[in-house]
Amino acid sequence: MLQLENITLGYGKQIILNGINLTAEQGEIMGIIGPNGSGKSTLIKGICRLLEPQTGRVLIAGQDVAHLSRGQLAQLVAVVPQTPTLPDTFTAFEIVLMGRTPYLGRFRFEGMTDFDIAWKAMGITGTQEIAERRMDEISGGQKQLLTIARALTQEPKLILLDEPTAHLDINYQIETLDFVSRLCKEQNLAAVAVLHDLNLAAQYCDRLALLSNGGVYAKGSPDEVITEQHIKEVYGANVCVYPHPANSLPTTVIMPGKGNQTGA
């Protein structure tokens, strides 16, 4: 569904990522991990053409995004940002309905088909009961689910999630990623998710790409990517990685520094 072919991304003469080759398949979550400043959000911007690649190609469903209009691209890929800007005076349903914008002509308003698609997306995300509430009456976790519902309303083939669990309590983190995982499998979508939490990444992502020094340091299954050696070399942190007792996926535990060991 997504294929990155030797892409280079940067801002002016400053190269952030160079020679990136990655794929994301239908039905799976590809996780992007790496330390601060490694280019995770830059990669998301490059995929959705907020940032034009300096070299290489981005293919979505076999189509080179460089040859697509903004409207055509929005029908293929939807973005769930880290901190979505949602107007306080809009209702939840109005926010979700915005996902139909790529399908509307200049002088066309939403019709019954658009309303039905938006309502179905709210049903999938379990947000129909708050459809008439305004944004200033809705919790952070509910706003994240509404943002995902808006993305579904675009009827995309690929969903990009930039830190979808940032600023969420642990229950909403689990609820959000449970939902995204189930969504990919049931709707046959592909997802690319930027995540800081290595344990969440290991539990929910089918494959991972670890970014470091402007490139892909490691990629593969969580077991292949999340190792004590990789974390030490990329993050500069001493950790213990052991199999999770429930499913044997890699679990990362920090090794306290001397200050913590002495109670300082």
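It should be noted that the structure appears before, not after, this text.
Conventions and cut-offs
Residues numbered from 1 in each chain as written. Predicted model: local features only at pLDDT ≥ 70, side-chain atom pairs only at ≥ 80, totals over all residues. Heavy atoms only, no water. Helix = DSSP H or I, 4+ residues; strand = E, 2+ residues; numbered from the N terminus. Expected span 1.5 Å × (residues − 1). Buried < 20%, exposed > 50% of the residue type's maximum accessible area, 1.4 Å probe, protein only. Contact = heavy atoms within 4.5 Å. Salt bridge = Lys/Arg side-chain N within 4 Å of Asp/Glu carboxyl O. Axes fitted to C-alpha atoms, helices over the stretch in contact; angles between N-to-C directions. Parallel < 35°, antiparallel > 145°, perpendicular 65-115°, else oblique. Left-handed = near helix turned anticlockwise from the far one by under 90°. Phe/Tyr/Trp six-rings, centres within 6.5 Å; stacked < 30°, edge-to-face > 60°. Lys NZ or Arg CZ within 6 Å of the ring centre and 35° of its normal. Core = buried A, V, L, I, M, F, W, Y, C linked by side-chain atoms within 4.5 Å. Nonpolar A, V, L, I, M, F, W, Y, C, P; charged D, E, K, R; others polar.

### Remarks on helix 6 (residues 170-187)
- The end-to-end C-alpha distance of helix 6, which contains 18 residues, comes to 25 Å, matching closely the 26 Å that a straight helix rising 1.5 Å per residue would cover.
- Buried within helix 6 we find Gln-173, Thr-176, Leu-177, Phe-179, Val-180, Ser-181, Leu-183 and Cys-184.
- Tucked inside the fold, the buried residues of helix 6 contact strand 3 (29-33), helix 4 (112-125), helix 5 (140-153), strand 7 (158-162), strand 8 (190-194) and helix 7 (198-204).
- Looking one or two places after helix 6, you find Asn-188, whose phi comes out positive at around 60°.

### Here's the deal with the pattern of salt bridges
- Scanning the model with the defined rule gives six salt bridges in all.
- Its salt-bridge partner being Arg-57, residue Glu-5 comes within 3.0 Å of it at the nearest N-O pair. Of this pair, Glu-5 sits in strand 1 (residues 2-11) while Arg-57 sits in strand 4 (residues 55-60), and the two are 52 residues apart along the sequence.
- Residue Glu-52 pairs with Arg-49 through a salt bridge whose shortest N-O separation is 3.1 Å.
- Residue Arg-49 is classed as buried on the basis of its relative accessible area of 11%.
- Members of the salt-bridge network, linked through shared partners, are Arg-100, Asp-114 and Glu-155.

### Points about the packing of helix 4 against helix 5
- Closest axis-to-axis distance for the helix 4/helix 5 pair is 8 Å, and the angle between their directions is 135°. Viewed along their axes, helix 4 and helix 5 adopt a mutual orientation that is oblique. Judged by the twist between their axes, the crossing of helix 4 over helix 5 is right-handed. Residues Ile-117, Ala-118, Ala-121, Met-122, Ile-124 and Thr-125 of helix 4 touch helix 5, and the partners they reach there are Leu-145, Leu-146, Ile-148, Ala-149, Leu-152 and Thr-153.

### Considerations on the packing of aromatic side chains
- Counted according to the given criterion, the structure contains two aromatic pairs.
- Counting every residue linked through ring pairs, the aromatic cluster contains Phe-93, Phe-115 and Trp-119.
- A cation over an aromatic ring shows up here: Arg-100 above the ring of Tyr-103, its NZ or CZ 4.1 Å from the ring centre.

### Structural notes on the nonpolar core
- If you look at the biggest cluster of nonpolar residues, it comprises 45 residues, and the most contacted ones within it are Ile-33 and Leu-146.
- In contact with Leu-146, other than residues within four places in its own chain, are Ala-92, Val-96, Met-122, Thr-127, Ile-130, Met-135 and Ile-138.
- Of all hydrophobic cores here, the second largest spans 31 residues; its members include Leu-43, Leu-68, Leu-160 and Val-192.

### Digging into the packing of helix 5 against helix 6
- Packing of helix 5 against helix 6 brings their axes to within 10 Å, and their N-to-C directions diverge by 15°. In terms of orientation, helix 5 lies roughly parallel with respect to helix 6. Like other packed secondary-structure pairs, helix 5 and helix 6 cross with a definite hand, here right-handed. Listed contacts from helix 6 to Gly-141, Gln-142, Gln-144, Leu-145, Ile-148 and Leu-152 of helix 5 are Tyr-172, Glu-175, Thr-176, Phe-179, Val-180 and Leu-183.
- Its residues placed into classes, the contact of helix 5 with helix 6 shows seven nonpolar, four polar and one charged.

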